[in-house]
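Secondary and tertiary structure notes
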Amino acid sequence: TMIHLVLIIAALWLFILLLPVVLVLVAALMLVGALGPAVAWLEQHGVRRDLAIGIVFTALFVATTLLFALTIPELIDQTRNLIGMEPALREQLAVWLSQSPLTVSLAHALRDVHYDELIKSSAATVLSFSTLFIEGVAYAVGAVFLALYMMVDRDRLRGTLFALVPRTQHIRLSRIMVNLETIVGGYIRGQAITCALMAAFMFILLTACGIPNALVLAVFGGLADVLPYIGIFLTMGPAVAAALPFGPLIVTVVFLLMLAYEEFESRVLVPQVYGRALRLPSSVVF
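For the structure given in this document, a descriptive report is provided here. This one's a predicted model, so the numbers in the text were calculated from it and none came from an experiment.

Some words on the packing of helix H7 (residues 170-208) against helix H10 (residues 248-278)
Helices that pack against each other are described as a pair by the angle of their axes relative to one another and the distance between those axes. Relative orientation of the contacting elements H7 and H10 amounts to 155 degrees, with a least axis distance of 10 Å. One way to sum up the angle between H7 and H10 is to call them roughly antiparallel. By crossing handedness, the relation of H7 to H10 is classed as right-handed. Of the residues assigned to the contact of H7 with H10, the class counts are 19 nonpolar, four polar and three charged.

Okay, here's the thing in structure tokens:
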């Protein structure tokens, strides 16, 4: 029992150390599951497998480059405008807080903000975030290349896997691999549907409110919806910030409708869509 306990602790310690590698492997497998059907479709229409893989990955690179080129500059401009509006917005908030005796102290605190300390702390935060961002980009690029090599070496990888597994388990292994492809493909389809619905909702909402660059913000929101936990902040934050120049009524409408849709997506859409894609009960997905 002591030996088993030591081995378990050692395995957990090794897993924690190798967690980035494990996440890169998982991301690569998800890319393979997402892009595999497109490669198979091209093969069915007479395109060689290596050429089909090149076409699919080239299309992925071009689409990703275009999305970043369309969204990042506009988001930077929105951030600059928000920073320029910060003194006026802070003064408006302070005036509103000073109307109540309970929040007068908060109003004085807002008026007495010292930017020197904020700039120093913000610089340190930006530096640490930049390091994490560069690491994340490097891991993402590694996952893409790993997925590329997995698709190129598909037959040899399968041969190696079957060589490692006893012959009596080959039928079970084949069944597991087919089920995994179905599950990963279903998850990717469910994610694509929810992200597309988020982008469509944001575009309609921002266009109806008269907010410029609605398409760019909607595309960014649809992409950010992929991320768990922080996705809600990356979708609602830019939309609310873009609504600030149009007054408190528009800001309130955008905030409340975005929050309502986020709740609707997490409580209704995700269980329904993922349940059908993964062939699971909605209660299990929820």
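Moving on from the model shown.
Quick look at the pattern of salt bridges
With the rule as written, the count across this model stands at five salt bridges. Of the charged contacts in the structure, one is a salt bridge between Asp50 and Arg48, with a shortest N-O distance of 3.3 Å. Taking relative accessible area as the criterion, Arg48 reaches 55% and is therefore assigned exposed. Put simply, Arg156 and Asp153 hold a salt bridge, and the shortest N to O gap is 2.6 Å. Overall, Asp153 belongs to the partly exposed group, its relative accessible area being 23%.

Focus on a nonpolar patch on the surface
Together, Phe129, Phe133, Ile134, Val137, Val141, Val144, Phe145 and Tyr149 give the surface a local cluster of nonpolar side chains, amounting to about 800 Å² of exposed area. As for its position among the elements, Ile134 is in helix H5 (residues 115-152).

Here's the deal with the packing of H7 against helix H8 (residues 214-224)
Between H7 and H8, whose axes approach to 8 Å, the crossing angle comes to 150 degrees. Viewed along their axes, H7 and H8 adopt a mutual orientation that is roughly antiparallel. Where H7 crosses over H8, the two elements pack in a sense that is right-handed. Between H7 and H8, the residues in contact are Cys195, Met198, Ala199, Met202, Phe203, Leu206 and Thr207 and Ala214, Leu215, Leu217, Ala218, Gly221 and Gly222, respectively.

Focus on H8
Most of H8 sits inside the fold, with eight of its eleven residues counted as buried. All of the buried residues in H8 are Ala214, Val216, Leu217, Ala218, Phe220, Gly221, Gly222 and Ala224.

Some words on the packing of aromatic side chains
Counted by the stated rule, this structure contains two aromatic pairs. Taken together, a centroid distance of 4.3 Å and an interplanar angle of 10 degrees make the contact between Phe201 and Tyr261 stacked. Of the two residues, Phe201 sits in helix H7 while Tyr261 sits in helix H10, which places them 60 residues apart along the sequence. On the basis of relative accessibility, which here comes to 10%, the residue Tyr261 falls in the buried class. By way of ring pairs, the aromatic residues Phe201, Tyr261 and Phe264 are connected into one cluster.

A few points about the side chain of Glu265
Relative to the elements of secondary structure, Glu265 occurs in helix H10. Apart from the residues within four sequence positions on either side, Glu265 is in contact with Thr194, Met198, Asp225, Val270 and Pro271.

Some thoughts on the side chain of Thr194
With respect to the helices and strands, the residue Thr194 is situated in helix H7. Thr194 gets classed as buried once you look at its relative accessible area, which sits at 2%.

Quick notes on the rules
- Residues numbered from 1 in each chain as written.
- Predicted model: local features only at pLDDT ≥ 70, side-chain atom pairs only at ≥ 80, totals over all residues.
- Heavy atoms only, no water.
- Axes fitted to C-alpha atoms, helices over the stretch in contact; angles between N-to-C directions.
- Helix = DSSP H or I, 4+ residues; strand = E, 2+ residues; numbered from the N terminus.
- Parallel < 35°, antiparallel > 145°, perpendicular 65-115°, else oblique.
- Left-handed = near helix turned anticlockwise from the far one by under 90°.
- Nonpolar A, V, L, I, M, F, W, Y, C, P; charged D, E, K, R; others polar.
- Salt bridge = Lys/Arg side-chain N within 4 Å of Asp/Glu carboxyl O.
- Buried < 20%, exposed > 50% of the residue type's maximum accessible area, 1.4 Å probe, protein only.
- Patch = residues over 30% accessible without salt bridge, like charges linked within 9 Å, V, L, I, M, F, W, Y side chains within 5 Å.
- Areas by Shrake-Rupley, 256 points an atom, 1.4 Å probe, with all protein chains shown as cover.
- Contact = heavy atoms within 4.5 Å.
- Phe/Tyr/Trp six-rings, centres within 6.5 Å; stacked < 30°, edge-to-face > 60°.

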